[in-house]
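# Coordinates in review
Chain by chain, the residues run as shown.
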Amino acid sequence: MIKKSDTMTIKQIYGLAVEMGIKADFRGKKEIQKFLERTKEKFEKLNDEQKQEFDQERLMNPYSDTRILNDLPNKKIKRILTGIDMESAEMLLAKQIGDVDLILAHHPEGKSLASLDDVMHLQADILYQYGVPINIAEGVLKERISEVSRGISAINHNRAVDAARILGLGFMNVHTPADNLAAKFLDKKIKKDKPEYVGEIIKSLKEIPEHREAMKIGAGPCLFTGSGDNRTGKIALTEITGGTSGSAKMYEKMAQAGIGTIVGMHMSEQHKKEAEKHNINVVIAGHISSDSLGMNLFLDELEKKGIEIIPCSGLIRVKRFKKTRN
Ligand SMILES: [Fe+2]
């Protein structure tokens, strides 16, 4: 039963995103707890000046790319404009529509964009779970993480945050928690469908409504390397969550760990060439449709509470619950 009075504050929406992200995280709740405890230990050892600089959200939120960017404390959120990339243009759209309380982006902005690299450590744990020794996974990723950190340092991070502040709109983004939800969903589906050939993975992905919808605009699941007639071997969902693309040097290590096929959201040409060199099949599920899948699983929970969701900026909205009226 939906009660319109059951709406949430931005802080509660943010808390729910973190909670759902942890629940769906490939590392498991215990590992994340350990990670948060280690962060707390490190924080406590800092001097006063360093403590001032420390982002204390990190003590409860393991996802550096998910933050409240402009809070409206105590405001009950009734209407959200949400999309994959939410910039000034979308905020003006919100004003045009009227009565929008919160702008909810998937991709990071502001401080969540500035520390996107920090969440990439999750990728090492995922690779470890698929059989890559943790020292190798961490070693290869280290270089790439610092490369990403330098790459994002030049960006005008707060542009959209400033627009939200000026327009008086709440603003937050949910990145890795949503990607975790998508990864978990795909993992379950692939384990249930048990594809034997690469072509069967694509068939399985095309059954997901977000991907089916994306096919209509030419952005559906496709094969980047290998062939539909290849046997899948061990299937790894190593490129759905974990911030952004990992290291291209990883494919050699993945092949050695017995991974036969990668299912990812997107892949650069350099990464594709490396995967191909090491005989790894690469199935690309589709970027925006995979982002939409993860966001939808989260948005369903908000809509169940009676919050109105207006999708835009590429978000393919699919509901997975039956709406009951009160
Ligand atoms: Fe994305």
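Structural notes, computed from the coordinates. Here the residue index of a chain counts from 1 through its sequence in written order. Given that the model is predicted, a residue must reach a pLDDT of at least 70 before its local features are reported, and side-chain atom pairs must reach 80 or more before they are shown or counted; all residues, however, enter totals for whole chains, interfaces and linings. Excluding hydrogens and water, the side-chain values take into account all heavy atoms of the structure.

### Side note on the environment of Leu205
As a reminder, the rule being used: In this description a helix means any DSSP run of H or I spanning at least four residues, a strand means any run of E spanning at least two, and both kinds are numbered starting from the N terminus.
Relative to the elements of secondary structure, Leu205 occurs in helix α10 (residues 198-206). For the pair Leu205 and Asn180, spaced 25 residues apart in sequence, the C-alpha to C-alpha distance is 17 Å.

### What about helix α1 (residues 10-24)?
As a reminder of what qualifies: What a helix is expected to span follows from its residue count: subtract one and scale by 1.5 Å. Exposure is judged per residue with a 1.4 Å probe applied to protein chains only, and the accessible area is read against the type maximum: over 50% gives exposed, under 20% gives buried, and values in between give partly exposed.
Taking 1.5 Å per residue as the helical rise, α1 with its 15 residues ought to reach 21 Å, and the 21 Å between its terminal C-alpha atoms agrees with that figure. Considered for burial, the residues of α1 that qualify are Ile10, Ile13, Tyr14, Leu16, Ala17, Val18, Met20, Gly21, Ile22 and Ala24.

### Side note on the sheet that holds strand β7 (residues 259-264)
Filter applied, for reference: Strands are treated as partners if at least two bridges between them are detected by DSSP. A fitted line through C-alpha atoms serves as each axis, taken over the contacting stretch for helices, and the angle formed by two N-to-C directions is quoted from 0 to 180°.
Read across the open sheet, the four strands follow the order β5-β8-β7-β6; overall the sheet is mixed. Either end of the sheet is taken by a strand with one partner, and the two such strands are β5 (222-225) and β6 (234-239). Along the sheet, successive strands turn relative to each other by an average axial angle of 30°, direction set aside. Of the strand pairs in this sheet, β6 and β7 are connected by four bridges, and their pairing is parallel. Its bridge partner being in β7, Ile235 is matched across the sheet by Thr261.

### Overview of the nonpolar core
Here is the rule we go by: Definition of nonpolar core: a set of buried residues of the types Ala, Val, Leu, Ile, Met, Phe, Trp, Tyr and Cys, connected through side-chain atoms within 4.5 Å. Residues are treated as being in contact if the distance between any of their heavy atoms lies within 4.5 Å.
Ranked by size, the top nonpolar core spans 75 residues in total, and within it Ile13, Ile80, Leu104, Met254, Phe298 and Leu302 carry the most contacts. The biggest single contributor to this core is α1, with nine residues. Among residues more than four places away in sequence, those in contact with Phe298 are Ile13, Leu16, Ala17, Met20, Leu104, Val174 and Leu181. Of all hydrophobic cores here, the second largest spans 16 residues; its members include Leu69, Ile103, Ala163 and Ala164.

### Some points on the layout of surface pockets
Put simply, the rule is: Only protein atoms enter the 1 Å grid, on which a cavity is a set of points fitting a 1.4 Å probe that cannot get out and a pocket is an open set with protein on both sides within 12 Å along at least 5 of 7 lines, lining residues being those with an atom within 4 Å of a point. Grid points are joined across faces, edges and corners, and a volume is the space filled by probe spheres set on the points. Side-chain classes follow a simple rule in which Ala, Val, Leu, Ile, Met, Phe, Trp, Tyr, Cys and Pro form the nonpolar group, Asp, Glu, Lys and Arg form the charged group, and the remainder, Gly included, forms the polar group.
If you add up the space inside the largest pocket, you get close to 690 Å³. If you go around the largest pocket, you meet 20 residues; those closest to its centre are Phe35, Arg38, His121, Asp125 and Glu138. Looking at the lining of the largest pocket, the elements with two or more residues in it are α2 (29-44), α6 (121-129) and α7 (134-153). With six residues, α2 is the largest single contributor of residues to the lining of the largest pocket. Of all the secondary-structure elements, those providing two or more residues to the lining of the second largest pocket are α6, β6, α12 (250-256) and α14 (287-304). Top element by residues in the lining of the second largest pocket is α12. It accounts for three residues. Looking at the lining of the second largest pocket residue by residue, the class counts come to ten nonpolar, 14 polar and three charged.

### Quick look at the environment of Val318
As for its position among the elements, Val318 is in the segment after β9 (308-312). Linking Val318 and Leu299, residues 19 residues apart in sequence, is a C-alpha distance of 9.4 Å.

### Some thoughts on α6
The α-helix advances 3.6 residues per turn, and as a result positions three or four apart in sequence lie on the same side. All of the buried residues in α6 are Leu122, Gln123, Ala124, Ile126 and Leu127. Buried-residue contacts for α6 involve α7, α9 (176-193), β6 and α12. After α6 finishes, the residue Gly131 shows a positive phi value of roughly 105°.

### Some thoughts on the pattern of salt bridges
Side-chain pairs of opposite charge can arise whenever the charged atoms involved come near each other. Threshold: Within this document, salt bridges are pairs made up of a side-chain nitrogen of Lys or Arg and a carboxyl oxygen of Asp or Glu, the two lying within 4 Å of each other.
Inspection of the entire model under this criterion finds 22 salt bridges. The partner of Lys203 in a salt bridge is Glu207, with the nearest N and O atoms 4.0 Å apart. The exposure class of Glu207 is partly exposed, given its relative accessible area of 38%. Through salt bridges that share partners, Lys189, Lys192, Asp193, Lys203 and Glu207 make up one connected network.

### A closer look at unusual backbone geometry
The backbone of Asn74 sits at a positive phi, close to 70°, despite the residue not being glycine. As for its placement among the helices and strands, Asn74 is situated in the loop between β1 (67-70) and β2 (79-83). Residue Asn74 is classed as exposed on the basis of its relative accessible area of 71%. If you check the backbone angles, Asn279 has positive phi at about 60° while not being a glycine.

### Quick notes on the packing of aromatic side chains
Defined as follows: Side-chain rings of Phe, Tyr and Trp (the six-membered ring for Trp) are treated as a pair once their centres are within 6.5 Å; stacked means planes under 30 degrees apart, edge-to-face means over 60, and tilted covers the remaining angles. Only when the NZ atom of a Lys or the CZ atom of an Arg is both within 6 Å of the ring centre and within 35 degrees of the ring normal do we say a charge sits over the ring.
Summed over the entire model, instances satisfying the criterion amount to one aromatic pair. Between Phe43 and Phe54 the ring centres are 4.9 Å apart and the planes differ by 45°, which places this aromatic pair in the tilted class. Linking Phe43 in helix α2 with Phe54 in the loop between α3 (48-53) and β1, this pair joins segments that are eleven residues apart in sequence. With respect to class, Phe43 is no different from Phe54; both count as buried. Above the ring of Phe43, the side-chain terminus of Lys51 is found at 5.6 Å from the ring centroid.

### Topic: the sheet that holds strand β4 (residues 170-173)
Read from one edge of the open sheet, five strands run β1-β4-β3-β2-β9, paired in mixed fashion. Pairing within the sheet leaves two strands with one partner each, and these edge strands are β1 and β9. Strand-to-strand, the axes of this sheet are offset by a mean angle of 25°, without reference to chain direction. Here five bridges tie β2 to β9, and the two strands are oriented parallel to one another. Bridge assignment links Ile80 to a residue of β9, and that residue is Ile309. Set on the sheet, α1 makes contact with β1, β2, β3 (102-105) and β4; between it and β1 the angle comes to about 155°. Along the sheet face, helix α4 (residues 88-97) touches β2, β3, β4 and β9 and points at about 150° away from the line of β2.

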